[in-house]
Amino acid sequence: MDQHDQLAEKFEENRTQLRSVAYRMLGSVNEAEDAVQEAWLRLSRSDVSEVANLSAWLTTVVSRVCLDMLRTRKSRREDPLEIFVPDPIVSPLDPEEEAVRADSVGLAMLVVLETLAPAERLAFVLHDMFALSFDEIAEIVDKSPAATRQLASRARRRVQGVPVSDGDVGRQREVVDAFLAASRSGDFEALLSLLDPDVVLRADAGTTPADPTSPAVSKLVRGALAVVEQALMFTRLAPYSRPALVNGTPGVITVVNDQLLGVMAVTTHNGKITEINILADIPRLQSLPIPA
C-alpha cells in the first residue's frame, strides 16, 4: 500500500467523526460534506509525516474550513434566522437505531446554534460536544485560551433552556403517533391536548412555497391554539405523512409520489409537544434521502 492509499484509509477511519463535527458546526448536510471533502484535499496535499495525532489534525482542519464557511454565510445570509430550520438527519424509525440516537443533536439545538456568532459556535461545539480543550480551540479561532473560554461561555448561555425531548423514546413515539392521528382526523381537541401551552412551531418553506396555492409559507407561531390552527391547515397532507427518526428522535416525514415534501422534528416533555420544527423547503429537501 503506497502513502496515498494509507492516507486515504486513515481519512476514511475519521470520516464519520469529521462529518459529525461539520454538521454540528454548519447545520447543513451538503455543506458538511463539502467541508469534509476539503479536509481530504488538504490532507492529500500536505506532508503529515511528522503529525503525531492525525485525528486531531483533521479535526482542526475541518473546523477551520467550517469557520470560514460560517463567516462567509453570515455576511451573505438574507433569510430571517427566527424561521430558519437547519437540515435534518432523517432515518427509519427502527429499534435498532440506538447508535443514531446516541450520536444525535436535536434540531431545536441546531436552530439556536444558527443564531451564534461563528467563533462562538465553533468554541461551543468543539468544547461542549467534542471535548476539545480551550488551548486546542484557541489556535483555530486565533484567540487566547481565556478569550476562547469566554466565547464558549457566551454560547452556553444562549443555548440554555433549549427544549430537549425526554429520554423515553417509546413515549416520544406515542406522542408523535397521537399527533399524526389527530391531524388526519382534524381533531382539534385531541391536537390541543398534545401541545404544551407555550409550544413553538417554526416552519421553513424557503423563499417561495413549492405550490403557489399552498398555505405552506415560512412562519413562526407561538401558543397551543395558534399552533393547532396551523396544524389543521395541513390535514390534506396528513395521509402522506409517516413517523421517522429526525435527528435521533421520533418525528414525521411527508412523502408524495416518492418526493420528500416535509420533515417535522418534534420536541416532547412530560408527554406534551413543546417545539415543532418543520423543513418544507423543496430544493433543500431534494438533497435529503428518503428513509425506507
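Residues numbered from 1 in each chain as written. Predicted model: local features only at pLDDT ≥ 70, side-chain atom pairs only at ≥ 80, totals over all residues. Heavy atoms only, no water.

> Got a minute to help me understand the overall build of the protein chain in this structure?
Helix and strand counts for the protein chain stand at 12 helices and seven strands. For the protein chain, the C-alpha radius of gyration of 20 Å lies close to 19 Å, the compact-globule estimate for 292 residues. Dimensions along the principal axes, computed over C-alpha positions, put the protein chain at roughly 65 × 45 × 40 Å. The buried share of the protein chain, taken over its 292 residues, is 48%. (Helix = DSSP H or I, 4+ residues; strand = E, 2+ residues; numbered from the N terminus. Rg over C-alpha atoms; globule rule 2.2 N^0.38 Å. Buried < 20%, exposed > 50% of the residue type's maximum accessible area, 1.4 Å probe, protein only.)

> Is there a simple way to think about the sheet that holds strand S7 (residues 272–279) in this case?
In a beta sheet, neighbouring strands pair by backbone hydrogen bonds and run either parallel or antiparallel. Strand order in the open sheet formed by seven strands is S1-S4-S5-S6-S7-S2-S3, with mixed pairing between adjacent strands. The open sheet has two free edges, formed respectively by strand S1 (90–91) and strand S3 (219–222), since each of these has just one partner strand. Both strand S2 (residues 195–204) and S3 contribute to a ladder of four bridges, which runs antiparallel. Paired with arginine 202 across the strands is leucine 220, a residue of S3. Contacts from helix H9 (residues 169–185) reach S2, strand S4 (241–246), strand S5 (249–256), strand S6 (259–269) and S7, with the element oriented near 35 degrees to S5. Those strands touched by helix H11 (residues 224–233) are S2, S3 and S7, and its axis lies near 45 degrees from that of S2. (Pairing = 2+ DSSP bridges. Contact = heavy atoms within 4.5 Å. Axes fitted to C-alpha atoms, helices over the stretch in contact; angles between N-to-C directions.)

> It is not clear to me how the packing of aromatic side chains should be interpreted in this structure. Could you clarify?
Ring pairs (aromatic) are described by centroid distance and by the angle formed between their planes. For the structure shown, the criterion picks out one aromatic pair. When the centroid spacing of 5.4 Å and the interplanar angle of 55 degrees are considered together, the rings of phenylalanine 11 and tryptophan 40 count as tilted. Of this pair, phenylalanine 11 sits in helix H1 (residues 3–26) while tryptophan 40 sits in helix H2 (residues 29–44); the two residues are 29 residues apart in sequence, bridging distant segments of the chain. The exposure class assigned to tryptophan 40 is buried, which follows from its relative accessible area of 15%. (Phe/Tyr/Trp six-rings, centres within 6.5 Å; stacked < 30°, edge-to-face > 60°.)

> Looking at this model, I keep getting lost on helix H6 (residues 118–129). Mind explaining?
Count 3.6 residues to each turn of an α-helix, and residues three or four apart come out pointing the same way. Look at H6: 16 Å from first C-alpha to last across 12 residues, which is about the 16 Å you get at 1.5 Å a residue. Taken across its 12 residues, H6 has nine buried, putting it largely inside the fold. Within H6, the full set of buried residues consists of Pro118, Ala119, Glu120, Arg121, Leu122, Ala123, Phe124, Val125 and Leu126. At the C-terminal side of H6, alanine 131 shows a positive phi close to 60 degrees. (Expected span 1.5 Å × (residues − 1).)

> Help me out: how do you make sense of the nonpolar core in this one?
In summary, soluble globular proteins display a tendency toward joint burial of nonpolar side chains. By size, the foremost hydrophobic cluster in this structure holds 61 residues, and its most contacted members are Phe11, Leu43, Val62, Leu113 and Leu122. Ignoring anything within four residues of it in the chain, the contact list for valine 62 reads Leu18, Val21, Ala22, Ala35, Val36 and Ala39. (Core = buried A, V, L, I, M, F, W, Y, C linked by side-chain atoms within 4.5 Å.)

> Sorry if this is basic, but what is going on with the packing of H1 against H2 here?
Geometrically, a packed helix pair is captured by the angle between its two axes and the distance between the axes. Two numbers describe how H1 lies on H2: the axes approach to 8 Å, and their chain directions differ by 145 degrees. Read as a crossing pair, H1 and H2 show a hand that is right-handed. Between H1, through His4, Leu7, Ala8, Phe11, Arg15, Leu18, Arg19, Ala22, Tyr23 and Leu26, and H2, the contact on the second element is made entirely by Val29, Glu31, Ala32, Glu33, Ala35, Val36, Ala39, Trp40 and Leu43. Taken together, the residues that form the contact of H1 with H2 break down as 14 nonpolar, one polar and four charged. (Left-handed = near helix turned anticlockwise from the far one by under 90°. Nonpolar A, V, L, I, M, F, W, Y, C, P; charged D, E, K, R; others polar.)

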